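Structure assessment
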Amino acid sequence: MKEGKFIVVSAPSGSGKTTLVRALLSENLPLSFSISATTRKPRGDEVDGVDYHFLSTIEFKKFIDQEAFIEYEEVYPNKFYGSLKTDVERNWKSGKHVIFDIDVIGALNIKKKYPNQTLSIFINPPNINVLEERLRSRGTDSETALLERIQKANEEIKFLEKFDKSIINDDLEKSKKQIIKVVKDFIDT
Ligand code: ADP
Ligand code: 5GP
């Protein structure tokens, strides 16, 4: 298999990571999104096989036993997320680099496993209050899920300096330009 590169994008939930990754993917670069598997339920307009492979916990655990994941994490209690090896192989075969939208630990694990072929990017919210406002206005999480995400955000921000690049997502248009530039520079080298 011809190996490509990995771009791992990580951020506290609500920072705008999905929005920025979508902007990147609309740029006509040789990039493909790694569709993670998860045991959480679909949210908003999410589609199975497009945004995530939505699995039952039993199905997910079967994949763990088969060593089918590059990495996986229990990101929230009883909510598993993982990146499938088959997804990466399919993308590399078609000449594309693979972009992951994964949690901080998963991102740093991939960077550690593949240091030279991985670019790690951290999307930072301007501050925790803005993060809470964005999560509330997105309107897709229950109050419990929202508090869980804010609590986790406080932990995740501590890992910021371990990433190759960080972007403060304040002005969305500026952030889009920034992420497109760092990714273009990385895949061109
Ligand atoms: P994540 O994938 O990190 O959970 P989303 O991309 O879903 O975050 O963004 C969370 C919410 O914040 C969405 O409603 C999105 O439209 C909004 N958003 C993203 N970036 C910005 C920004 N720079 N300024 C204001 N709102 C933003
Ligand atoms: P959400 O439920 O908001 O889509 O995602 C919750 C968290 O799980 C986010 O930080 C997201 O990046 C992370 N995540 C999504 N897919 C994966 C994955 O395959 N592996 C890991 N480790 N985290 C993931």
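Residues numbered from 1 in each chain as written. Chains lettered and ligands numbered in written order. Predicted model: local features only at pLDDT ≥ 70, side-chain atom pairs only at ≥ 80, totals over all residues. Heavy atoms only, no water.

**So, the site of ligand 1**
Defined as follows: Distances are taken per atom, and a residue is near a molecule or strand as soon as one of its heavy atoms is within 4 Å of it. Pairs of N or O atoms within 3.5 Å make up the polar contacts considered here, provided that, within protein, one atom can donate a hydrogen while the other can accept it, and that residues adjacent in sequence are counted only when both atoms are side-chain atoms. Per-residue and other accessible areas follow the Shrake-Rupley method at a 1.4 Å probe size, with only the shown protein chains counted as cover for residues. Here a strand is any run of E in DSSP of at least two residues, a helix any run of H or I of at least four, and the numbering for each starts at the N terminus.
The full set close to ligand 1 counts 13 residues, and Gly14, Thr18, Thr19, Arg138 and Asn169 are the nearest of them. At 3.0 Å, a backbone N or O of Gly16 approaches an oxygen atom of ligand 1. A distance of 2.4 Å is found between an oxygen atom of ligand 1 and a side-chain nitrogen or oxygen belonging to Thr18. About the coverage of ligand 1: the protein hides 75% of its 560 Å² of free accessible area. At the level of secondary structure, the elements contributing two or more residues to the shell around ligand 1 comprise helix 1 (17-25) and helix 5 (128-138). Here the shell around ligand 1 takes 3 residues from helix 1, the largest share from any one element.

**A word on the side chain of Glu156**
Stated formally: The cut-offs for exposure are 20% and 50% of the maximum accessible area for each residue type, with area from a 1.4 Å probe on protein chains only; residues under the lower value are buried, those over the upper are exposed, and the others partly exposed. Contact definition: two residues touch when any of their heavy atoms are within 4.5 Å.
Here Glu156 lies in helix 6 (residues 143-156). Glu156 gets classed as buried once you look at its relative accessible area, which sits at 6%. Excluding residues that lie within four positions of it along the chain, Glu156 makes contacts with Ala11, Pro12, Ser13, Asp103, Val104 and Phe122.

**Considerations on the environment of Gly139**
Here Gly139 is to be found in the loop between helix 5 and helix 6. In the structure, Gly139 is positioned 96 residues away from Arg43 in sequence and 9.9 Å away in space, judged by C-alpha atoms.

**Remarks on the site of ligand 2**
So the rule is basically this: Note on residue classes: Ala, Val, Leu, Ile, Met, Phe, Trp, Tyr, Cys and Pro are nonpolar, Asp, Glu, Lys and Arg are charged, and everything else, Gly too, is polar.
Taken together, 18 residues are adjacent to ligand 2, and Ser36, Arg40, Tyr52, Glu71 and Tyr81 come closest. Within the backbone of Ile102, an N or O atom sits 3.4 Å from an oxygen atom of ligand 2. In the complex, 97% of the free accessible area of ligand 2, which totals 510 Å², lies under the protein chains. Within the residue set of the shell around ligand 2, elements represented by two or more residues are strand 5 (69-76) and strand 6 (79-84). At 4 residues, the largest contribution of residues to the shell around ligand 2 is made by strand 5. The residue inventory of the shell around ligand 2, partitioned by class, reads 5 nonpolar, 5 polar and 8 charged.

**Regarding unusual backbone geometry**
At Asn28, a position not held by glycine, the phi torsion is positive, near 65 degrees. The residue Glu67 is not glycine, and still its phi comes out positive at about 55 degrees. Take Glu67: it is sitting in the loop between helix 2 (57-65) and strand 5. When its relative accessible area of 60% is taken as the criterion, Glu67 is described as exposed.

**Let's talk about the sheet that holds strand 5**
Our working definition: For two strands to count as paired, DSSP must find a minimum of two bridges between them. Inter-axis angles, ranging from 0 to 180 degrees, are taken between N-to-C directions of lines fitted to C-alpha atoms, where helices are fitted over the stretch in contact.
The mixed open sheet is built from 4 strands, whose spatial order is 4-3-6-5. Strands with a single pairing partner mark the edges of an open sheet, and in this sheet they are strand 4 (53-54) and strand 5. As judged from the 6 bridges shared by strand 5 and strand 6, these two strands associate in the antiparallel manner. Bridging from a neighbouring strand, Tyr76 pairs with Lys79 of strand 6. Each of strand 3 (37-38), strand 5 and strand 6 is contacted by helix 2, which is oriented at about 45 degrees to strand 6, the strand it contacts most. Helix 3 (residues 85-93) rests against strand 4, strand 5 and strand 6 of the sheet, and its axis sits at about 30 degrees to strand 6.

**A closer look at the packing of aromatic side chains**
In plain terms, the rule: Side-chain rings of Phe, Tyr and Trp (the six-membered ring for Trp) are treated as a pair once their centres are within 6.5 Å; stacked means planes under 30 degrees apart, edge-to-face means over 60, and tilted covers the remaining angles. Two thresholds decide whether a charge sits over a ring: the Lys NZ or Arg CZ must be within 6 Å of the ring centre and within 35 degrees of the ring normal.
Summed over the entire model, instances satisfying the criterion amount to 12 aromatic pairs. On the numbers, 4.9 Å between centres and 70 degrees between planes, the contact of Phe6 with Tyr114 is edge-to-face. In this pair, Phe6 is assigned in strand 1 (residues 6-10) and Tyr114 in the loop between helix 4 (104-113) and strand 8 (118-124), connecting sequence segments 108 residues apart. Take Phe6: its relative accessible area is 1%, and that puts it in the buried class. Residue Tyr114 is classed as partly exposed on the basis of its relative accessible area of 23%. Between the aromatic rings of Phe63 and Phe69, the centroid separation amounts to 6.1 Å while the plane-to-plane angle is 75 degrees, which identifies the pairing as edge-to-face. Owing to a relative accessible area of 28%, Phe63 belongs among the partly exposed residues under this scheme. Each member of the aromatic cluster is reached from another via a ring pair, and the members are Phe60, Phe63, Phe69, Tyr72 and Phe80. Here Lys152 stacks its cationic end above the ring of Tyr76, 5.8 Å away from the centre of that ring.

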